[in-house]
Amino acid sequence: MNTRWQQRFAGAWLVLVSISTCAADDWPQWLGPQRDSVWRETGIVDKFPAEGPAVKWRVPIAGGYAGPAVANGRVFVTDYAAEGDRTPDPNSRSKLRGRERVWCLSAADGRMLWKHEYECAYEISFPAGPRATPTVDGDRVYTLGAEGDLLCLRAGDGAVLWSRNFARDYQAATPLWGYSGHPLVDGDKLFCVAGGPGSIAVAFDKHTGKELWRALSAKEQGYSPPTLIEAGGKRQLVIWDAEAIHGLDPDTGREYWSVPLDPNYAMSIVTPRQAGRYLFAGGIVNKSAMLKLGPDRAAEEISSQPGPIHRDPAAEPGIGQPTAEVIWRGARGRGIGPVMVTPFLTGEYLYGVDGKGELRCVELATGEQRWTTCAATTGRDRGEHSACAFLVKNGDRFFLASETGELIIARLTPERYTEISRAKIIEPTGVAFGRSVWWSHPAFANRCVFARNDRELVCLSLAADERTVCPQEGID
């Protein structure tokens, strides 16, 4: 083979290699593609370089706790351009005027593709900005503002396709700390936690915004997002309001089961998490519960009777009805009482951050605490009130986004917390309980981390080989 053909062959081979290694995952919604806090991309760094991850780009934005979503070469994030003092008071509502904004940026270089904004007066505590991560579904993106403005926007140009306002449409009072229940798409439905009489949970036609059903009443709607699980042979929509956790039929809103679970200050925040037949939810001051999900007891009793079964389960009241029963509740020395960090359940254990800022390992079946550390939250020997570190699993280790603005790589096992590497990736610009905090869940996509605070959105490479970072070109 002559030199010219060797060069052409080598060039073509490099192109093929770059294409084959550039397959990347999106992060199109809260907690990732499958809403399970798992980042499935490979080719990720084992340890951070001494100078920290390479910054791909950074752009200025305003205040907000809402994490970014990344899909189809675009980054979607919301913020609040406020007029007035945004200093948080945990116990009272701040009155502000300003504009909530939805930004769409190029994932490759951060340049703005479009922006949508609307006037929105705030009367909430911790009024930095929106809380809910945008939900991207194909050519549409759904956003929920802190005062209950639900928008369906065209992903390509930001055109508003339909909108709802929970106060106007459902007579719902905004929670003290603002709407936080990240919208959930399932097939042709969009599930939201709205509030108001008989409308804690609402299902919309995702194409038109038409209401399909509404369900549940409670003193407050809480902050926890709608969650889909499968147990007892049925798909279930789990809604955790300020008084109880419920399993609903996602097609009709009919209630399958309900278990009392009333965290202090109506702080039902974390996403309920399932592991097999276990389902965990919990809030501040040890108001947590581990549930055991199962087929209905009546069906089990019938199947255990001797001789042939002549009953039709579909015709029997209660048969085929999923169930949930409490196997333990949180208490001092047992379980975990999280504030805002959704725990991770794997195997026979739960890993999560308690309200005191302590990362813990807990046995699913008993609530027994195996170990506790504050290394990932405060970086010290003691915790702080509501200190947090968001957990995302990648392979056999976790990436923990600490409120200190650091990203930590660690292994979590039933035996111990083992820290591998940490790097400062963003400034903690928020204020809470007298300290600076970063309380926004990052997105992991394109072998990068996308993180925001109240001043900027930054994209940093986490690729083991920079040549495998997908540029996502072609977005105009």
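From N to C terminus, the protein includes three helices and 35 strands. Buried residues in the protein amount to 59% of all 476 residues. Counted over contacts in the protein with a minimum sequence separation of 6, partners at least 24 positions apart contribute 59%. Carbon and sulfur atoms make up 48% of the accessible area of the protein, which amounts to about 19600 Å² in all.

Taken as a whole and judged by the stated rule, the model has 21 aromatic pairs. Centroid distance W27 to F444: 5.7 Å. Interplanar angle 65°. Geometry classified as edge-to-face. Of the two residues, W27 sits in the loop between α1 (3-20) and β1 (55-60) while F444 sits in strand β33 (residues 443-445), which places them 417 residues apart along the sequence. Here F444 falls in the buried class, since its relative accessible area comes to 1%.

Chain-level statistics for the protein give a pLDDT mean of 90 and a share of 88% at 70 or above. Every residue in residues 3-21 is under pLDDT 50, and counting partners more than four places away or in other chains gives three contacts. Low pLDDT, under 50, characterises residues 297-318; the stretch is placed with 13 contacts to residues that sit more than four places away or in other chains.

Below, the discussion takes up the side chain of T378. Inspection of the secondary structure assignment puts T378 in the loop between β26 (369-373) and β27 (389-394). Polar side-chain contacts of T378 include one of 3.2 Å to the backbone nitrogen of R380. Apart from residues no more than four positions distant in its own chain, T378 is found in contact with G383, E384, A387 and T404.

Right, let's talk about the pairing of strand β18 (residues 255-260) for a bit. If a strand is regular, its side chains alternate between the two faces of the sheet. Two elements, strand β17 (residues 244-248) and β18, share five bridges in a ladder whose sense is antiparallel. The partner of L248 across the bridge, within β18, is E255. Two successive antiparallel strands, β17 and β18, enclose a turn made up of six residues, where G253 displays a positive phi of approximately 85°.

You can see D354 is positioned in the loop between β24 (349-353) and β25 (359-363). Using a relative accessible area of 6% as the deciding quantity, one classes D354 as buried. Excluding anything up to four places from it in sequence, D354 contacts I336, G337, P338, R360 and A387.

The next point concerns the pairing of strand β20 (residues 278-283). In terms of residue burial, β20 counts as a mostly covered element, since five of its six residues are buried. Hairpin connection of strand β19 (residues 273-275) to β20: two residues between the antiparallel strands, including G276 at a positive phi of 65°. Bridge count for β20 against strand β21 (residues 287-294) is six bridges, and the pairing is antiparallel. Bridge pairing in β21 links G283 to K287. Between β20 and the antiparallel strand that follows it, β21, lie three residues; V285 among them carries a positive phi value of about 60°.

Right, let's get into the pattern of salt bridges. This model, assessed by the stated rule, comprises 24 salt bridges. Between R360 and D354 there is a salt bridge, with its nearest N and O atoms 3.4 Å apart. No difference in accessibility class separates R360 from D354, as the two residues are buried. Here R411 makes a salt bridge to D396, at a shortest N to O gap of 3.4 Å. Placement of the pair is R411 in strand β29 (residues 406-412) and D396 in the loop between β27 and β28 (397-402), with a sequence separation of 15 residues.

The strand order β23-β24-β25-β26 describes an open sheet built from four strands, whose pairing is antiparallel. In the strand order of this sheet, the two ends are held by β23 (344-346) and β26, each with one partner. Sheet twist, expressed as the mean angle between neighbouring strand axes with direction ignored, is 15°. Alignment of β24 against β25, held across five bridges, turns out to be antiparallel. Within β25, the residue paired with Y351 across the bridge is C361.

Rules and cut-offs
- Residues numbered from 1 in each chain as written.
- Predicted model: local features only at pLDDT ≥ 70, side-chain atom pairs only at ≥ 80, totals over all residues.
- Heavy atoms only, no water.
- Helix = DSSP H or I, 4+ residues; strand = E, 2+ residues; numbered from the N terminus.
- Buried < 20%, exposed > 50% of the residue type's maximum accessible area, 1.4 Å probe, protein only.
- Contact = heavy atoms within 4.5 Å.
- Areas by Shrake-Rupley, 256 points an atom, 1.4 Å probe, with all protein chains shown as cover.
- Phe/Tyr/Trp six-rings, centres within 6.5 Å; stacked < 30°, edge-to-face > 60°.
- pLDDT = per-residue confidence, 0-100.
- Polar contact = N/O pair within 3.5 Å; in protein donor to acceptor, adjacent residues only side chain to side chain.
- Pairing = 2+ DSSP bridges.
- Salt bridge = Lys/Arg side-chain N within 4 Å of Asp/Glu carboxyl O.
- Axes fitted to C-alpha atoms, helices over the stretch in contact; angles between N-to-C directions.

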